[in-house]
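An overview of the molecular structure
Listed below are the residues making up each chain.
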Amino acid sequence: MSRFVQYLKSAVFPQDYPPSSLPEIAIAGRSNAGKSSFINTWAGSKIALVSQTPGKTRLLNFFNIENKYLMVDTPGYGFAARSGAEVHDWQQMIENYLLNRDNLKGLVLIMDVRRNWSQEEELLKNFCNNQDLGFYVVLTKIDKISKNEQQKYLKEKQKNSGLSEVRLCSSLKKIGIKEIEEEIFESWLKEFVPKDSAQREKMAKKENQERENIKQEIIAKRKEKKKWDPRKKKS
């Protein structure tokens, strides 16, 4: 089902994040975990890039979901083709985001149900715990295995991660995603969302105007910079 979803902007550095008073959740995962398909099914529209080439997302992509909360699609990790410098840049971008986004309430980690829990997932979990951020694990692609295998992998992930907040889903079959959103909304977001829809719309318009003002300021500065050319000699 289609719903109101607004792309806000893409960013790397904290000073470029869109201003917002709404609560926010981040979606993270390996480059081939099915993160984009999960986001698109959650949103009810194709807002995240689904690519045949894993690791295409390189920025933090911010979306407004029904004027209730923001969702941030983060670049996938663990893609072997990336250079050491790219891996370092990814780590720096994610750390800066998790440390500097005041309205961030938690991170949803997307994993292929068949993949083992690794040091990378453990580091993300510990980082979020240290920042008092919620941490929630979603196991995707359950349509590729039997129900007995689903339960086997679920118990393994809960044991290896030490988490009870581990859920199964299939973006292809649209299984489990609605329930996951409802659980996360109730646990992390609900208390921070204005109850009155008119108030939410008013806040959204104000924040859209703030973003537009910032955009126009940047454009004006660029134009001024182009006007001044140090190579031109004064007559």
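Look up a bit, the structure's there.
1. Observations regarding helix α4 (residues 147-161)
Taking 1.5 Å per residue as the helical rise, α4 with its 15 residues ought to reach 21 Å, and the 21 Å between its terminal C-alpha atoms agrees with that figure. Taken residue by residue, α4 has Q150, Y153, L154, K157 and S161 as its buried positions. For α4, the arc enclosing every buried residue in end-on projection is 105°, short of the 170-degree limit, so these residues lie on one face. With respect to the buried face of α4, the exposed residues turned more than 90 degrees away are N148, K155 and K159. Those residues of α4 that are buried are in contact with β5 (104-112), α3 (119-130), β6 (134-140) and β7 (166-168). Backbone geometry just after α4 places G162 at a positive phi near 75°.

2. A look at the packing of aromatic side chains
A full pass over the atoms with the stated rule returns eight aromatic pairs. Taken together, a centroid distance of 5.6 Å and an interplanar angle of 70° make the contact between F38 and W42 edge-to-face. You can see F38 and its partner W42 sitting in helix α1 (residues 35-43), four residues apart, about one turn around the helix. Comparing F38 with W42, the two get one shared label, buried. With a centroid separation of 6.3 Å and 85° between ring planes, the pair formed by Y136 and W188 is classed as edge-to-face. With Y136 in strand β6 and W188 in helix α5 (residues 177-189), this residue pair connects regions lying 52 residues apart in the sequence. Both residues of the pair, Y136 and W188, count as buried. Here the aromatic residues Y17, F62 and Y97 are joined through ring pairs into a cluster of three or more.

Thresholds, definitions, all that
- Residues numbered from 1 in each chain as written.
- Predicted model: local features only at pLDDT ≥ 70, side-chain atom pairs only at ≥ 80, totals over all residues.
- Heavy atoms only, no water.
- Helix = DSSP H or I, 4+ residues; strand = E, 2+ residues; numbered from the N terminus.
- Expected span 1.5 Å × (residues − 1).
- Buried < 20%, exposed > 50% of the residue type's maximum accessible area, 1.4 Å probe, protein only.
- Arc of directions from axis to C-beta.
- Contact = heavy atoms within 4.5 Å.
- Phe/Tyr/Trp six-rings, centres within 6.5 Å; stacked < 30°, edge-to-face > 60°.

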